[in-house]
Amino acid sequence: NAGVTQTPKFQVLKTGQSMTLQCAQDMNHNSMYWYRQDPGMGLRLIYYSASEGTTDKGEVPNGYNVSRLNKREFSLRLESAAPSQTSVYFCASSHQTGRNGYTFGSGTRLTVV
Amino acid sequence: QKEVEQNSGPLSVPEGAIASLNCTYSDRGSQSFFWYRQYSGKSPELIMFIYSNGDKEDGRFTAQLNKASQYVSLLIRDSQPSDSATYLCAVLNTGNQFYFGTGTSLTVIP
C-alpha cells in the first residue's frame, strides 16, 4: 500500500521550460490537492480536485494547470517555469470532506534557474 | 487575519519534559482540527486529529480544543529527541476549506 506517490522527487528547470508533476494515490480517495511549501509561507494550495472530473483553483493558481486524469491520478503542469516557482510541491489526497485529514506524498523539490 | 496562526518558535524542551504547542484559528464554526509533524526535508505526516466535540489522547500525544478562545493545543509528554520536527496545525473550516498554519519548530534537547 503505497499511499500517495509523487514523481519526480527532484527537478531543475531553466526559465521558460515546461514540466508535469505526477501524483497517484491508491487509497480510493475522492479528493486530491496540490500544495507548494516555501520558507515562512507555509503550505499554500495551488489547485484541488474535489472529485473525479472536477478541478478548482486554490490560493496560488497562476502559472499552473492541472488534470484529474482519473480517480487515482492528479497532475500539475508548469507551462513556462519561472524562478518564483522554485519550491517544494506536495500532492495530497483525502476522503470527500477532508474530515479525517489529508495524506501527503513525499514531495517534489523544484528549482528554476 | 490569517485563518490559522502558530508561533514559529523555535521551541526547545529537555528530553523527558512536556512540550506544548498551540495554534489559533479564526473561523468560530470550524469542526475539525489536525496536527501534522514534518521532519526536515520530508512531507507532513498526520499525527492526530480531533473534532469539535472533544479532546483526544494517543500515547504520548494529547490534542485539546478550547472553542471559546479558538485555539488548539498539542501536548507531547516525555519528549524524545525523535520528536524534534516542525509541527503544523490545520483546521477544516465551515466552508470545508483546509487551512494550515506555518508551523512551530520543536527541538528536544538530550
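Sequence order sets the numbering: in each chain, residues are counted from 1 along the sequence as written. Note on labels: chains are lettered from A, ligands numbered from 1, in written order. Per-residue local features of the predicted model are confined to residues with pLDDT of at least 70, and side-chain atom pairs are confined, for both listing and counting, to 80 or more; whole-chain, interface and lining totals are unaffected and use all residues. Excluded from the side-chain calculations are hydrogens and water; all other atoms, namely the structure's heavy atoms, are used.

A. A look at the overall build of chain B. Runs of E in the DSSP output that reach at least two residues are strands. Runs of H or I that reach at least four are helices, and both are numbered from the N terminus. Counting its regular elements, chain B contains zero helices and 11 strands. Counting helices and strands in the order they occur from the N terminus, chain B gives β-β-β-β-β-β-β-β-β-β-β. Over its C-alpha atoms chain B spans a radius of gyration of 13 Å, differing by no more than 12% from the 13 Å that the globule rule assigns to 110 residues. Dimensions of chain B, computed from the C-alpha atoms along their principal axes, are close to 40 × 25 × 20 Å. Each residue is assigned to one of three classes by its accessible area relative to the maximum for its type, calculated with a 1.4 Å probe on protein chains only: buried under 20%, partly exposed between the two thresholds, exposed over 50%. For chain B, the proportion of its 110 residues judged to be buried stands at 44%. Of the contacts formed within chain B by residues at least 6 apart in sequence, a portion of 54% connects residues at least 24 apart. Summing over all exposed atoms, chain B offers an accessible surface of approximately 5300 Å²; the carbon and sulfur share of this is 45%. When the 8 positive and 10 negative side-chain charges of chain B are each reduced to one mean point, those points stand 3 Å apart. It is over C-alpha atoms that the radius of gyration is taken, and the globule rule equals 2.2 Å times the number of residues to the power 0.38. Throughout, a contact is declared for two residues whenever any of their heavy atoms are within 4.5 Å. For the area figures, the Shrake-Rupley method with a 1.4 Å probe applies, and any residue is considered shielded solely by the protein chains shown. Working convention for charge: Lys and Arg count positive, Asp and Glu count negative, and His plus the chain ends are omitted. We put the charge of a Lys on NZ, of an Arg on CZ, of an Asp on CG and of a Glu on CD.

B. Seen up close, the interface of chain A and chain B. In this assembly, 17 residues from chain A lie in contact with 17 residues from chain B. Interface area lost by chain A to chain B is led by A:Arg99, A:Tyr102 and A:Phe104, which between them contribute 37%. Salt bridge, as used here: a side-chain nitrogen of Lys or Arg that lies within 4 Å of a carboxyl oxygen of Asp or Glu. At the junction of chain A with chain B, the criterion picks out zero salt bridges. Of all the secondary-structure elements, those providing two or more residues to the side of chain A that touches chain B are β4 (31-38) and β5 (42-49) of chain A. Polar here means any residue outside two lists: the nonpolar Ala, Val, Leu, Ile, Met, Phe, Trp, Tyr, Cys and Pro, and the charged Asp, Glu, Lys and Arg; Gly therefore counts as polar. Here the residues of the side of chain A that touches chain B sort into six nonpolar, nine polar and two charged. The term buried area means the drop in 1.4 Å probe accessible area that two parts suffer when joined, counted for both and summed.

C. Inspection of unusual backbone geometry at higher detail. Cis geometry marks the peptide bond from A:Thr7 to A:Pro8; its omega dihedral reads -5°. Following the sequence through the fold, A:Pro8 ends up in the loop between β1 (4-7) and β2 (10-13). Of note, the bond from B:Gly9 into B:Pro10 is cis; its omega dihedral lies within 30 degrees of zero at 10°. Residue placement: B:Pro10 occurs in the loop between β1 (4-6) and β2 (11-14). In the Ramachandran plot, B:Gln70 falls in the positive-phi region, its phi being about 55° despite a non-glycine side chain. Along the chain, the position of B:Gln70 falls in the loop between β7 (61-66) and β8 (71-76). Residue B:Asn96 is not a glycine yet carries a positive backbone phi of 60°. Mapped onto the secondary structure, B:Asn96 falls in the loop between β9 (85-92) and β10 (98-100).

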